[in-house]
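# Fold and geometry: a report
Letter by letter, the chains look like this.
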Amino acid sequence: MSTNNVNIQYRRGGRDYRSRTFNLNEIRESTLGNLIREDGLTTGLRDFEVYVRPQDSESEIAADNLENSLESVLRSASNDGEISGSYIVDVTAVHRGA
Amino acid sequence: MTVRLVEATLWMSPRFTAVPEIKLKVLKMQNSLKSNHSTVFREPKVVLSESFVRKTKFIRAHFLSVHGMLESVVEVVGKIIGNTIFCVDCLIPEATVSYSNFHVDDLDLARCQEEAEKDENTRHLFPVGEAHYHPWDGKPTPSWVDKENSLRLANLYHPFNIDESNIIRVLKPYKTSPENLIIRYKIDAVRKFWFLRQEEKKFIPQIYYAEKIKRALWASLIYPGNGDSDLVTASVVEHRYLPDEKVNIERHDEVETVIFSDEKIAELLRWPIEKINLRYDEEILEEQVARKYHPFGSFYSPQSPDFARYGCVNNHPVVVWQDPNLNYPILVTADNDSEGHKQGFRFLSQHSNRHDVAALLREAAALIDGEEIQGSFYLDNTTDSKEILTALKESVRVLKKLRWA
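Below or above, wherever it landed, is the structure these notes cover. Bear in mind the structure is a predicted one, so any value in this text is a computation, not a measurement.

Residue and element names in this part refer to chain A. Counting buried positions along strand β3 (residues 49-54) yields 5 of 6 residues, so the element is predominantly enclosed. Bridging between β3 and strand β5 (residues 86-92) involves 6 bridges; their strand directions are antiparallel. Across the sheet, the residue bridging to Pro54 is Tyr87, located in β5. For β3 and strand β4 (residues 61-62), the ladder comprises 2 bridges, and the chain directions are antiparallel. Within β4, the position partnered with Tyr51 by the bridge is Ala62.

Our focus in this paragraph is the packing of aromatic side chains. Summed over the entire model, instances satisfying the criterion amount to 7 aromatic pairs over all chains. Aromatic side chains Tyr17 of chain A and Phe160 of chain B sit 6.2 Å apart centroid to centroid with 75° between the ring planes, which places their arrangement in the edge-to-face category. Here Phe160 of chain B lies in the loop between α4 (144-157) and β8 (163-171) and Tyr17 of chain A lies in strand β2 (residues 15-22), a pairing that spans two chains. Residue class for Tyr17 of chain A comes out partly exposed when judged on its relative accessible area of 22%. On the accessibility criterion, Phe160 of chain B (14% relative accessible area) is buried. A network of ring pairs unites the aromatic residues Tyr17 of chain A together with Tyr157, Phe160 and Trp218 of chain B as a single cluster. When the ring centre of Tyr17 of chain A is taken as origin, the NZ or CZ atom of Arg12 of chain A, which lies over that ring, is 5.8 Å away. Between the NZ or CZ atom of Lys264 of chain B and the centre of the ring of Phe260 of chain B, over which it lies, the distance is 4.3 Å.

Turning our eyes to something else, we now look at the interface of chain B and chain A. The interface is formed by 40 residues belonging to chain B together with 25 residues belonging to chain A. Counting the surface chain B buries against chain A, the share from its top three residues, Asp106, Arg152 and Leu156 of chain B, is 24%. At the boundary of chain B with chain A, the tally comes to 4 salt bridges. Salt-bridge contacts for Arg11 of chain A lead to Glu114 of chain B; the nearest nitrogen and oxygen are separated by 3.0 Å. Our count for the contact surface shared by chain B and chain A stands at 19 residue pairs in polar contact (both at pLDDT 80 or more). Of the residues belonging to the side of chain B that touches chain A, the class tally is 17 nonpolar, 11 polar and 12 charged. Here strand β6 (residues 95-97) of chain A runs beside strand β6 (residues 101-104) of chain B; their pairing, made up of 3 bridges, is antiparallel. Bridge pairing in β6 of chain B places Arg96 of chain A opposite His103 of chain B.

This part is about empty space enclosed by the protein. A probe as big as a water molecule, rolled over the atoms, marks out the empty space that is left. In this structure the tally under the stated criterion is 2 cavities of 30 Å³ or more. Estimated volume of the largest cavity: approximately 60 Å³. Along its surface, the largest cavity is lined by 14 residues, and His132, Asp146, Ser150, Ser220 and Ile222 of chain B are the ones closest to its centre. At the level of secondary structure, the elements contributing two or more residues to the lining of the largest cavity comprise β6 of chain A together with β7 (126-133), α4 and β12 (206-223) of chain B. Considering only residue class, the lining of the largest cavity consists of 4 nonpolar, 6 polar and 4 charged. By volume, the second largest cavity is sized at about 40 Å³.

Taken as a whole, this structure holds 20 salt bridges over all chains when the rule is applied. One salt bridge connects Glu60 of chain A with Arg111 of chain B, and the closest N-O pair in it is separated by 3.5 Å. Remark: Arg111 of chain B occurs in helix α3 (residues 106-118) and Glu60 of chain A occurs in the loop between β3 and β4; the pair is interchain, linking two chains. For Arg111 of chain B, a relative accessible area of 36% corresponds to the partly exposed category. Two residues, Lys55 of chain B and Asp89 of chain B, come together in a salt bridge whose shortest N-O distance is 2.8 Å. One end of the pair, Lys55 of chain B, is in helix α2 (residues 50-67); the other, Asp89 of chain B, is in strand β4 (residues 84-91), with 34 residues separating them in the sequence. Its relative accessible area of 9% is what places Lys55 of chain B among the buried residues. Using a relative accessible area of 6% as the deciding quantity, one classes Asp89 of chain B as buried. Within the structure, one salt-bridge network assembled from shared partners comprises Arg11, Asp16, Arg53 and Glu60 of chain A together with Arg111, Glu114 and Lys118 of chain B.

Here the focus is α4 of chain B. Residues and elements named next belong to chain B. Taking 1.5 Å of rise per residue, the 14 residues of α4 would be expected to cover 20 Å, and the 20 Å separating its terminal C-alpha atoms lies within 8% of that figure. Burial within α4 is extensive, with 10 of its 14 residues counted as buried. Where α4 is concerned, the buried positions are Val145, Asp146, Asn149, Ser150, Arg152, Leu153, Ala154, Asn155, Leu156 and Tyr157.

About the criteria used
- Residues numbered from 1 in each chain as written.
- Chains lettered and ligands numbered in written order.
- Predicted model: local features only at pLDDT ≥ 70, side-chain atom pairs only at ≥ 80, totals over all residues.
- Heavy atoms only, no water.
- Buried < 20%, exposed > 50% of the residue type's maximum accessible area, 1.4 Å probe, protein only.
- Helix = DSSP H or I, 4+ residues; strand = E, 2+ residues; numbered from the N terminus.
- Pairing = 2+ DSSP bridges.
- Phe/Tyr/Trp six-rings, centres within 6.5 Å; stacked < 30°, edge-to-face > 60°.
- Lys NZ or Arg CZ within 6 Å of the ring centre and 35° of its normal.
- Contact = heavy atoms within 4.5 Å.
- Buried area = accessible area lost by both parts, 1.4 Å probe.
- Salt bridge = Lys/Arg side-chain N within 4 Å of Asp/Glu carboxyl O.
- Polar contact = N/O pair within 3.5 Å; in protein donor to acceptor, adjacent residues only side chain to side chain.
- Nonpolar A, V, L, I, M, F, W, Y, C, P; charged D, E, K, R; others polar.
- 1 Å grid on protein atoms, 1.4 Å probe; cavity = no way out; pocket = protein on both sides within 12 Å on 5 of 7 lines; lining within 4 Å.
- Points joined across faces, edges and corners; volume = space filled by probe spheres on them.
- Expected span 1.5 Å × (residues − 1).

Put into structure tokens, the structure is as follows:
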């Protein structure tokens, strides 16, 4: 891990929601699911998807398993497997109609 | 000690402003609960800007020319003030569209809003609703999928639309005891109170209720196939924050929808007119319509020389036939059993007389499938029936090619 602090920008449905900075321990000890629930990202949402990507990258990963640690999720989302800089965590929901 | 008390009072004062204030006032003698009650508080209202109407019409018209009579969808952005949802601009998401339904993936919905947030022209606008077009004409009604979807999107975006406003309204008594000694008043779905009287009187007190409310609104607009704004059906999902921060979610149907000039909306929002008066490049919109909407299932027009366009619904090949003289499309699909053996055809129509149409088509299909017209078959001489039969023949021919070639 190349830095001790990581900034995460939360989004709901593609819109900037709030941001938070994590230190090394928090990244290792938190699961993604706990994190997004604690920070109110999933409030009111029953069905949703979570996408994670580095801020300077266009490629996103769908975080299927919310019980994974934040560290492993960020590592998967990073192009080189190194955790550094800022990330975007976007919680969103499908739109359909009939 | 005195200083501490003063500090405490000052610190507490913002909280006290959130406590509902109730004023009782007897306006006039009333004998019945059915009396007219003027309401200061107004129900949510949807306001469309002229630019918004023009742009959505253009998108829909181009969609029809490219993809045919299918459902389409746009995301609506704008601003909410008090009870009013101002629809100022619309976004085109990547969407799978088909006859009578559409689907926007989570990621595509997020990308669509992300683009809007990055764009200087739309950055000041927040997601305030969604609009979609049913594939037939006439005033649309929301399906259960539409209702569920409204709620899902309202939940997703309500943090961006929270607005604080002061409301005063006259509460309407909704129930009394037989002796008329207890009158019940309803503030909202979860809050109500009883008014108790010492003795029976002939009048019912009118109660003014004042509250500072925090809430978010979300508009769901459904247009008929031709995009006629006069026939739009609007519903609104309201997230209302109660004084203890609990959220009460309420759905309003048949919400009033009006079209205001760009100038009037600019005045109401206190924005420069340039932010309301949309300037869009028609070629860019046309390119987006062609690129972002992905038909699933297709539209068949007898007038089109290359009519053999088809798609699948639930893994069944489907041909959609639309006659300009009829305002409803007819779907023809092949029915197979679990082993893929032909069982027959199914005909779907959204017309109010769909049972008649379906019966006619089913009967015709039985004859055509045998590739002989039976003498006992009766078809009336109306133009519609003849055209239906012609279309059916073509449709069945396409289906046969598809399935059993």
